[in-house]
Amino acid sequence: MQFSIIVPTLNESQNIDLLLTRLFALHLDPGNFEVIIVDDNSTDGTPEKVRIWTSHANVHLIERRGKPDLTASILAGVAAAHSNAIVVMDADLSHPPEQLLTMVTPILDNNYDVVIGSRYKAGGSTENWPLYRHCLSRIGGWLARSICDVSDATSGFFAFRRELSAHISDKAYGYKILLELLMAGQGKYRILEVPICFRDRMHGTSKLSISHQWAYLQRLMILAGGAINVNTAGRFALVGLLGVFIDAFVFQWLINQAAGLATAHILGFLAAATVNYALNSKWAFRQHHTDCLKWNQFARFLTVGALALLLRGGILALLVYVGHIPATIAIYPAIIATAIVNYFGAAFYVFPDKSNL
Ligand code: GDD
């Protein structure tokens, strides 16, 4: 057995026969490859159709129960595979089966560790996608490129050496297993990108939902080392709320004492920032932070604070001098913008968390 093709399915009864027919029409040596369909409790008859194939072709069916998950499905397929070269592709014919050998040969020849079927490399394309899918895909790819230097880290058509899957985080889930695979390699894998023509499905519907997109964004932030989670966000919000009151109180008090706008702005910010740092390091981000004061961490905190301060000053000046909004009202949007910058700065830069990779 040379290679295993893993196809995750969720209600693909209109596509699965077409895909398997095209795969076996390639006239590859049947002893050289197997197809593993990993189905997530489809209710449209997909498993029944696959079972017919299992009786006369080298097709295997894995039926998962419980909560559907694309990453878990693909990993289940990898665990059941009989070969060391794995190719993953969608069931809906979005990925051209005719490019299978182009994808897997570099792995079989041991010239590369991962081969990506890329829509965005020169020569690649995406056909029949509505504009919003183009936009989502471009944004997703652009965000992924900030942590991983390939043209299409969100592709669902890729090949790799089987043993690499052992390095994928057990916290990985959702749609973008390729990104997890690449991140696990920490830049050491030999990666080839092959241009492909991605054609949107003719039958059935995409399963990519808003919740998948949100999960992708969350996972991307974690992979980027951000200490982003409900705990840190909730605690940071509470600390921030306290900071808003301290900030607004000091600012208003100074304005009432006839202090200048810049003085009130800076002193209000400093009072809140000092209290916020103490509470964030001791409480909100405590698990990512040792008890003793780290000077480099403190310096990073001050850097983020200074940038936030500049941003806040800019927004405040714009609203007050250009928008003619009273300073005592303009301070609130300025504080909110600062809080957002501060959270992301704290989560990614001051108290980053690499333990989730
Ligand atoms: N087992 C299983 N479990 N399969 C799933 C699940 C799941 O939870 N969700 C989707 N699938 C299967 C579909 O049946 C299909 O074979 C494939 O995964 C892709 O799902 P689609 O819902 O059709 O994805 P898409 O067409 O919108 O494409 C996007 O995601 C793909 C998956 O990685 C694009 O970004 C593609 O580039 C990408 O390949």
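Use the structure listed above.
Residues numbered from 1 in each chain as written. Predicted model: local features only at pLDDT ≥ 70, side-chain atom pairs only at ≥ 80, totals over all residues. Heavy atoms only, no water.

Novice: Help me understand the overall build of the chain in this model?
Specialist: Helix and strand content of the chain: 11 helices and nine strands. In terms of overall size, the chain is more extended than a compact globule, its C-alpha atoms giving a radius of gyration of 26 Å where 357 residues would be expected to give roughly 21 Å. Expressed as a percentage of contacts within the chain between residues at least 6 apart in sequence, the contacts between residues at least 24 apart total 78%. Surface accessibility of the chain: about 17,200 Å² in total, with carbon and sulfur atoms responsible for 63%. Of the charged side chains in the chain, 28 are positive and 26 negative; the average position of the first set lies 9 Å away from that of the second. (Helix = DSSP H or I, 4+ residues; strand = E, 2+ residues; numbered from the N terminus. Rg over C-alpha atoms; globule rule 2.2 N^0.38 Å. Contact = heavy atoms within 4.5 Å. Areas by Shrake-Rupley, 256 points an atom, 1.4 Å probe, with all protein chains shown as cover. Lys, Arg positive; Asp, Glu negative; His and termini not counted. Charge placed at Lys NZ, Arg CZ, Asp CG, Glu CD.)

Novice: Honestly, the site of the ligand in this entry has me stumped. Any pointers?
Specialist: As a structural note, the neighbourhood of the ligand is formed by 25 residues, with Glu12, Asp40, Arg201, Ser206 and Lys207 the closest of them. Interatomic distance of 2.9 Å between a side-chain N/O atom of Ser73 and a nitrogen atom of the ligand. Take Gly156: an N or O atom from its main chain is 3.0 Å from an oxygen atom of the ligand. For the ligand, the protein covers 98% of the area, taking 720 Å² as the surface of the free molecule. Mapped onto the shell around the ligand, the elements with two or more residues apiece are β1 (3–9) and α3 (70–80). Tallied by class, residues from the shell around the ligand come to nine nonpolar, six polar and 10 charged. (Near = heavy atom within 4 Å. Polar contact = N/O pair within 3.5 Å; in protein donor to acceptor, adjacent residues only side chain to side chain. Nonpolar A, V, L, I, M, F, W, Y, C, P; charged D, E, K, R; others polar.)

Novice: Help me understand the environment of Ser83, please; the structure alone is not making it clear to me.
Specialist: Inspection of the secondary structure puts Ser83 in the loop between α3 and β4 (85–88). For Ser83, a relative accessible area of 3% puts it in the buried group. Taking the C-alpha atoms as reference points, Ser83 and Met1, separated by 82 residues in sequence, lie 5.8 Å from one another. Contacts of Ser83, omitting those with residues within four sequence positions, involve Met1, Gln2, Phe3, Ser4, Glu34 and Arg162. For Ser83, the side chain forms a polar contact with the side chain of Ser4, separated by 2.6 Å. Looking at Ser83, its side chain comes within polar contact range of the main-chain oxygen of Ala85, at 3.2 Å. (Buried < 20%, exposed > 50% of the residue type's maximum accessible area, 1.4 Å probe, protein only.)

Novice: Help me understand the side chain of Ser137 in this model?
Specialist: Locating Ser137 in the fold gives a position in helix α5 (residues 131–145). Judged by relative accessible area, Ser137 falls into the buried class, the value being 10%. In this structure Ser137 touches Arg119, Tyr120 and Trp129, once residues within four positions along its chain are discounted.

Novice: What am I meant to see in the packing of helix α8 (residues 230–256) against helix α11 (residues 327–350) here?
Specialist: Packed helices, taken two at a time, are described by the angle their axes make and the gap between the axes. Between α8 and α11, whose axes approach to 10 Å, the crossing angle comes to 145°. Of the two elements, α8 crosses α11, and the hand of that crossing is right-handed. Of the residues in α11, those in contact with Thr232, Ala233, Phe236, Val244, Asp247, Ala248, Phe251 and Gln252 of α8 are Ala327, Thr328, Ile331, Tyr332, Ile335, Ala339, Asn342, Tyr343 and Ala346. Counted by class, the contact of α8 with α11 contains 12 nonpolar, four polar and one charged residues. (Axes fitted to C-alpha atoms, helices over the stretch in contact; angles between N-to-C directions. Left-handed = near helix turned anticlockwise from the far one by under 90°.)

Novice: For this particular structure, what's the right way to read the pairing of strand β5 (residues 114–118)?
Specialist: Across a regular strand the side chains alternate sides, sitting on one face of the sheet and then on the other. Among the five residues of β5, five are classified as buried, and the element is accordingly described as predominantly covered. Along β5, one buried face is formed by Val114, Ile116 and Ser118 and the opposite face, lined by Val115 and Gly117, is buried too. Where β5 and strand β7 (residues 158–161) come together, three bridges link them in antiparallel fashion. Residue pairing in the sheet places Val115 in a bridge with Ala159 of β7. Where β5 meets strand β8 (residues 191–195), five bridges bridge the pair, whose relative direction is parallel. Bridge assignment links Ile116 to a residue of β8, and that residue is Glu193. (Pairing = 2+ DSSP bridges.)

Novice: I would appreciate a short explanation of the pattern of salt bridges in the present structure.
Specialist: One side chain can pair with another of opposite charge once the charged atoms of both are near each other. Counted under the stated rule, the structure contains 15 salt bridges. Across the pair Arg199 and Glu127 runs a salt bridge, and its minimum N-O distance is 2.9 Å. Here Arg199, found in strand β9 (residues 197–199), pairs with Glu127, found in strand β6 (residues 125–127); they are 72 residues apart in sequence, far enough to count as distant. On the basis of relative accessibility, which here comes to 39%, the residue Arg199 falls in the partly exposed class. Residue Glu180 is joined to Arg219 by a salt bridge in which the shortest nitrogen-to-oxygen separation is 2.5 Å. With Glu180 in helix α6 (residues 177–184) and Arg219 in helix α7 (residues 210–223), this pair connects stretches of sequence that are 39 residues apart. On the accessibility criterion, Arg219 (6% relative accessible area) is buried. (Salt bridge = Lys/Arg side-chain N within 4 Å of Asp/Glu carboxyl O.)

Novice: Sorry, what's going on with unusual backbone geometry here?
Specialist: Backbone geometry places Asn110, a non-glycine residue, at a positive phi of 60°. Turning to its location among the elements, Asn110 is positioned in the loop between α4 (100–108) and β5. Overall, the relative accessible area of 45% leaves Asn110 in the partly exposed class. Of note, the phi angle at Ala258 is positive, near 70°, even though the residue is not glycine. Tracing the chain through its elements places Ala258 in the loop between α8 and α9 (261–284). Its relative accessible area of 69% is what places Ala258 among the exposed residues.

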